[in-house]
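# Examining the three-dimensional arrangement
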Amino acid sequence: MEDFLNRLKQKVEIREQIKQRDDLYFITIKKEQTELVLRYIKDNEKFKHLSFMQAVDYLDDSKFMLIYMLYSFSRKVSLGVSVFIDRKEAIMTSMHNIWPHLWQYQREIKEMYGIDFPSSPRVNEDFILESWDNMPPMRRDFDTLKYSEETYYQRPGRKTNDPKEYMRKKLYNDFVKTPKLRDDK
Amino acid sequence: MSLKDVLSPFKVWERAARKPWTVKNPIDERKGSANYRGFHKNDLEKCIGCGTCEDICQNLAIDLVPVENVETNMGDSGLRPMIDYGRCCWCALCVDVCPTGSLNMSNEYNWIEEEAEGFRFIPGADKKSWDDSDKGYHQSDDIQLIDPARIVMEELEAEERKSTFVEMVKGYSKEKALLEAERCLECGICVARCPAHMDIPEYIKAIREDDIELAVKILYETNPFSASCGRICTHSCEEVCALAHNGEPIAIRWLKRYIMDQVTPDQIKEIITNNIQVNNKKIAIIGAGPGGLSAAYYLRLLGYEISVYESKTKGGGMLRYGIPEYRLPYDQLDKDIDYIASLGVQINYGKEIGKDLSFDELYGNFDAIYFSIGLEKPTSLRCVGEDLDSVVAGVDFLRDITDGKRPDIGNDVVVIGGGNVAMDVARTSIRLGANVTVLYRRRIEDMPADLEEITEAQEENVIFNPQSLQTKIEKAKSGRLLLQWNNMKMVEDPEGDRPKPIPIEGDLESKEFDTIFSAIGQKADLSFISEKYEEKMKFKWGKAVTNQFGQTDIPKVFAGGDVKNWTADAVSAIADGHSAAKGIDEFLQKR
C-alpha cells in the first residue's frame, strides 16, 4: 500500500492521508483530479470495486465531503477517497462512467444533501422521500425538531411534567414569591 | 399460451412436502450486535428525573411521568422518562446526554404488541426482558455531550493569601461566566434544594443571553443578599446539580456573584424599581443581619413601615462580624444592605433591645415583631482554666477584626473547634502572622466546616490536630498558656451513627500557646426577650419554635434565621425572612 500511495503521489496531489488500520486507508484529493485518480487506481492499482459513496456536511466550513469507498479484492484493503466541494455550489461531476452503479448513490445524495450530479442517470427522481418539499433533510441546518412539530401530530393523551414545577408542588407548595418583580410570561 | 405455461406455477407445489429452504424463525437467533441501539433500559435508582433526555429528543418522543415507588426528594424529581416508540428513532442522543448515565440501550430489537399503546413505556419501571442485558449501546467517554469540568475560578495563591485580607476569589470574567453558564442543562433540580428557592436555571439562562438586568431581577425575587451569597453561600444547590453525578456541578454560586459584579449600587436601583403602596402598619425587626433585612425588604415591598433595631454600629450581622473580609469584602455586603435601606427601611444602629429599648415597648408600639438574631454566645469549652486571660471566644475575635482592631495574639495560637467559625478564626490568625493549630475532637472528615474552608486553611499552613479533646488550660512559667489535651480514638457506633470519639486513657499531650480561641459553637442570647413573653413562646434547644411562616405562639411575634433553623446559614436566614414576610402580611391582612 505504501508503494502504491507513493506512486500516486508522483502523479497527483494528496492533501491528507490516514492509515486507520492495516486494511483501511483514507486519502483526500483535489476535486478536479477525482476522475483521474479513480480511473487510475481502478485500472492500475487493483481497486476494482466501489463499495459505496457517501456525503458529509461540514456546515461550519461551508463544505461537503464526498467519499468514494473502494475495495481491492487482491490487496484485501479498503480505501476511502474523499474530495471537498463548496457547499454553496453543490455540484459534482458524475463518476457513473467508471462504476455504473454509482448512479444510485448519486441519486440518493442528490435527494438527501441536495448535491447535484449533472448527467448522472435518473438523478432527479425521488429516491425514498416521495413528494418532499423541504430542504434536503441530511443537511445539518435542517431543523429536524421543527419539521417534526409542524408535520406530525402528537399521540393524544400524552402528558409530561417539568421537574422544577413538579418538585415545587411536591416539596414546597406553600412557597410564594412576594411580590413579583418580573412580568408573567 | 402453452400447456406448460399453465401448469408450471403448480410445479412449485411439489416443494410443499419437502424441508423448507428458509431457516425457521431466524429472528430468535439473530441477536443485535454488542453495541446495537436497541430498546431502552433505565436504572431507576440512578435516574434523577432531570428531563435532559426529554429536552434533547428531536422527535418529542419522551415524557416525564411520576412512577410508583419513586419518591420526589431534594435531588430527584421523582419523575422518570416514558418513551413513545411510535416516535423514537433510536438515535441515542438521550443516552449520550444523560447526566447520571442511568439511561442506556439493550441490543434487543424485537417486540411484538397487539395494541399500539403498548409501545409507550417507562424503561426500568415497566419490566421488560432486556432490562438486565449488558449488551447494547451505552454511554461512553468517546462521546461527551456534557463537559464534566467546570470553568476554573482564579484565586490568590495560598502564599499570597496568608498576608492579606484582600478577597481571595477573583470572580469570573464575562467570557468565563458565559462558558460556565453554557454547561447548565436547565433541569431545575437545584431550585428545591436552595432554601430560598432561587430560580437558578432562569438566572443562568439570563447570563447566557447576556441579559444582566433580567438576571438581577430574578435574584431579587428570592434573595436581596445576592452579592453576599454569591460569595459565601453554602451552595447546597450544587450538591444536587445533575452534572455533579458524573462530573463537577455548575458553579452556581460564582455565577450569582458574576451577575452582581456587573452592576453598581446605582444600577441596582435603576433595575429594581418598585412602586411601593405605603400602608400605615408598622413592623419592628430585631437584628440587621441577612434574615432581618430580607424580611424588611419583602415587607417594605408590601408597603409596611419598617424599623430595624441593630445593637452594632453596622448591618449585616454574622455576614459582617463572623465572616472575614477575604471571603466577603465589606463593600459587597454594603451593596446589598444599601439597596434595602434605599427603599425607606429605617435601620437604627447601636440600639440594643433589652437595653436601649425594651421588648415590651416594641410589643406595644408595633403591629408585628420579627426577630432574627445571630448566635453570638460562645459555648463553654468545659475544661479547667477556660476563664484565664488570653482564652478568647472566636466570635469575639472576629468581631474585633471587623471593627478594625488587630489584637496582639502572639506567635502561637490554637483554635479549638471544627466548624466554619474555627476555620475563619484560624485563617484570620494566619493573616496576623501567627502559627496556628486547630484542635478538634473528631477526625478532619467529621468537621462541620465547609470542605473548601478546610482545604483552604490547609493550603495556608494551618496545622490540624484532630482527635484531641482539651482537658486543662493553665498558666505556664513562661507566662504563656499551657493547653493539655487527651488524644482520642474513634469507636464505631453500635446504632450505626457516625463513629464516636473516646479518650485514650493516659494519652495526654500539652503545648504552650500565646492565645487559645474557643470556637466549638455558639448559642443565641435570648436575654432581650422579657420573661413574660419568653414564657409564652416555645424554645427547643435554644431555638425558637414557630409555624412554617415563622409565627411563634404569640401571634404578632415572628422569628427566623439562626435563632430558629438548624442549618444556621445565611441563605436559610434569607429564606426565613422571605417566608416570615408572607406570614406577617397574611396575619396583618386578616386582623
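Residues numbered from 1 in each chain as written. Chains lettered and ligands numbered in written order. Predicted model: local features only at pLDDT ≥ 70, side-chain atom pairs only at ≥ 80, totals over all residues.

Tallying secondary structure elements over chain B gives 21 helices and 22 strands in all. Restricting the contact set of chain B to residue pairs at least 6 apart, pairs at least 24 apart contribute 73%. (Helix = DSSP H or I, 4+ residues; strand = E, 2+ residues; numbered from the N terminus. Contact = placed C-beta atoms within 7 Å.)

We now examine helix α8 (residues 212–222) of chain B. Residue and element names in this part refer to chain B. Judged by how many residues are buried, α8 sits mostly within the fold: 9 of 11 residues are covered. Taken together, the buried positions of α8 are I212, A215, V216, K217, I218, L219, Y220, E221 and T222. Those residues of α8 that are buried lie in contact with α7 (200–208), α9 (226–232), α11 (252–261), α12 (265–271) and α21 (570–590). (Buried ≥ 20, exposed ≤ 12 C-beta atoms within 10 Å, placed from the backbone.)

Next up on the list: the packing of helix α17 (residues 394–402) of chain B against helix α18 (residues 420–431) of chain B. All names here are of chain B. Running from N to C, α17 and α18 point in directions that differ by 50°, and their axes come no closer than 10 Å. Relative to α18, the element α17 lies oblique. Classified by chirality, the crossing of α18 by α17 is left-handed. Every residue of α18 that contacts α17 at G394, V395, F397, L398 and I401 is listed here: V421, A422, D424, V425 and T428. Considering only residue class, the contact of α17 with α18 consists of 7 nonpolar, 2 polar and 1 charged. (Axes fitted to C-alpha atoms, helices over the stretch in contact; angles between N-to-C directions. Parallel < 35°, antiparallel > 145°, perpendicular 65-115°, else oblique. Left-handed = near helix turned anticlockwise from the far one by under 90°. Nonpolar A, V, L, I, M, F, W, Y, C, P; charged D, E, K, R; others polar.)

For the rest of this paragraph, the subject is the domain arrangement of chain B. Size of an interface, as often reported, equals the accessible area lost when the parts are brought together. Residue and element names in this part refer to chain B. You can read the domains of chain B as domain 1 (31–121), domain 2 (171–270), domain 3 (274–375 + 531–590) and domain 4 (377–490 + 499–522). If you look at the interface, domain 1 gives 10 residues, while domain 2 gives 10 residues. Class assignment for the residues of the side of domain 1 that touches domain 2 results in 4 nonpolar, 6 polar and no charged. (Domains from an automatic or database assignment.)

Attention now goes to the sheet that holds strand β5 (residues 77–86) of chain A. Residues and elements named next belong to chain A. The sheet built from 5 strands is open, its strands ordered β1-β2-β5-β4-β3 with mixed pairing. Strand pairing shows two members of the sheet lacking a second neighbour, β1 (14–21) and β3 (49–58), which therefore form its edges. Averaged over neighbouring strand pairs, the angle between their axes works out to 20° when direction is ignored. Note: strand β2 (residues 24–29) against β5, 5 bridges, orientation parallel. Bridged to L24 within β5 is S78. Across the sheet, helix α2 (residues 34–44) touches β2, β4 (63–72) and β5, and the angle it forms with β5 is around 170°. Along the sheet, helix α3 (residues 102–113) contacts β3 and β4; its crossing angle with β3, the most-contacted strand, is approximately 15°. (Pairing = 2+ DSSP bridges.)

Glancing now at the pairing of strand β6 (residues 282–286) of chain B. Residue and element names in this part refer to chain B. Within β6, 4 of the 5 residues are buried, which leaves the element mostly enclosed by the surrounding structure. Where β6 and strand β7 (residues 305–310) come together, 5 bridges link them in parallel fashion. Within β7, the residue paired with I286 across the bridge is Y309. Pairing of β6 with strand β9 (residues 368–371), which is carried by 4 bridges, proceeds in the parallel orientation. Considered in β9, the bridge of I286 is made with F371.

Residues and elements named next belong to chain B. The topology assignment puts K489 in strand β16 (residues 481–491). Between the alpha carbons of K489 and S530 there is a distance of 45 Å; along the sequence they are 41 residues apart. Beyond its immediate stretch of four places on either side in the chain, K489 contacts I502 and I504.

Taken together, the contact pairs 35 residues of chain B with 24 residues of chain A. Where the side of chain B that touches chain A is concerned, the elements lending two or more residues are β2 (62–66), β3 (79–84), α6 (189–193), α8, α13 (290–301) and α21 of chain B. Among the elements that make up the side of chain B that touches chain A, the one with the highest residue count is α8 of chain B (5 residues). Grouping the amino acids of the side of chain B that touches chain A by side-chain chemistry returns 17 nonpolar, 12 polar and 6 charged.

Here we take up the sheet that holds strand β15 (residues 468–475) of chain B. Residue and element names in this part refer to chain B. Read from one edge to the other, the open sheet built from 3 strands follows the order β15-β16-β17, with strand pairing classed as antiparallel. The open sheet has two edge strands, β15 and β17 (500–513), and neither has a second partner. Recorded for the sheet is a direction-independent mean angle of 20° between the axes of neighbouring strands. The pairing of β16 with β17 spans 10 bridges and is classified as antiparallel. The residue bridging M490 from the neighbouring strand is P501, located in β17.

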